[in-house]
Amino acid sequence: MTADTGVYLYAVAHDLGIREPEGLTGVDGRAVRVIPHADLVAYVSTVPLDRFGEEALRRSMEDLDWLDATARAHHHVVETVAEAAPVVPVRLVTVYGGEGPVKELLDRRHDDFVTVLARVTGRQEWGVKAYARAPASAGAPGRKAEEATVGPGTAYLRRRRSDLHEQEEERRRAAVGAERIHEVLAASAVASRLHRTQDPQLSGRTEWMVLNGAYLVDRDRAEAFRRVVDGLSEPGVEVQLTGPWTPYSFTVLDEADGERP
Amino acid sequence: MTLPDTRGGVLAAEGRLPSERVALVDLLDRLLAGGVVVSGDLVLSIADIDLVRISVRALIMSVRESGLGDDEPFEG
């Protein structure tokens, strides 16, 4: 380890004597290795600080292709090591100065890691997104007639008020529907978490996302959970299932929760 | 950015999604709002990055903000 390299951390697991699969590479195409310490292992790879230092990352993060490749490389490592044993993934782009600080982390947060590992063992995360179709309020019949009686300006203002009211109603109904879907799914899961709904620009869909939930489900309950999801689609609401995921959404563990002095 | 347009149930029936078919935005929901956040002798974490390009910043902020506040994981 030299001053020009850092240690990129992917995930932490129990030390079961399992070592990294041969040939597994992570971000920047670097080989993944383990740092065993305190009954835990950290999955890491060496990264050059000229590409993973603060200045370089400030530039790289502006590059969507770089972000895409890095996120997928991180995910690939987490998924691969999760096949062998439960893991606690670490947030994207977490870089330490050397192996020493990683071992200190495993010491300092040992109990937290063990707690989270117990929470996710034998369980998978499923993502459920629900989309409401946009209300078809434009071009309603009777508008021409209205314009003829009250004039276009007044008709416009009335129409605008009416559209806004309809949209508000639609949103209220969709929110109630999303809440109901979430309740049904949460009842079939060990734990649940709501992610922020995705902007249509990001989701690439014109429908309006009303639910972006994550559900932690026992592995042997996966089929039952899928059946519950399949039963939720209804006219006007499309429900989409993603997964199974390594339980990223259920391994949030902020330093503030730990033993900060 | 391409997204699977097939129904989730169909994809799920095929088993685990290959990484390349996972939508980046779904992945970032998890990689930026999930996972353990650690500190102490860090050279760098994503929170340190000041994002400049609007599209990427919007993408990341839309995800990152969901990791805070009232939507922490809860046992159900």
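Preceding block: the structure.
Residues numbered from 1 in each chain as written. Chains lettered and ligands numbered in written order. Predicted model: local features only at pLDDT ≥ 70, side-chain atom pairs only at ≥ 80, totals over all residues.

What follows covers the overall build of chain A. The secondary structure content of chain A amounts to nine helices and nine strands. Looking at the 261 residues of chain A, the share that counts as buried comes to 38%. Within chain A, contacts between residues at least 6 apart in sequence are counted, and of these 76% link residues at least 24 apart. (Helix = DSSP H or I, 4+ residues; strand = E, 2+ residues; numbered from the N terminus. Buried ≥ 20, exposed ≤ 12 C-beta atoms within 10 Å, placed from the backbone. Contact = placed C-beta atoms within 7 Å.)

So, about the environment of Gly236 of chain A. With respect to the helices and strands, the residue Gly236 of chain A is situated in the loop between helix H9 (222–230) and strand E9 (237–245). Sequence separation of Gly236 of chain A and Glu207 of chain A is 29 residues, and the distance between their C-alpha atoms is 9.8 Å.

Let's shift gears to the pairing of strand E6 (residues 123–132) of chain A. Along a regular strand, successive side chains alternate from one face of the sheet to the other. Residues and elements named next belong to chain A. Most of E6 is tucked away: 10 of the 10 residues are buried. Burial along E6 is two-sided: the face carrying Arg123, Glu125, Gly127, Lys129 and Tyr131 and the face carrying Gln124, Trp126, Val128, Ala130 and Ala132 are both buried. Bridging between E6 and strand E8 (residues 208–218) involves 10 bridges; their strand directions are antiparallel. Bridging across to E8, Tyr131 finds its partner in Met209. Both E6 and E9 contribute to a ladder of seven bridges, which runs antiparallel. Directly across from Tyr131, in E9, lies its bridge partner Glu238. (Pairing = 2+ DSSP bridges.)

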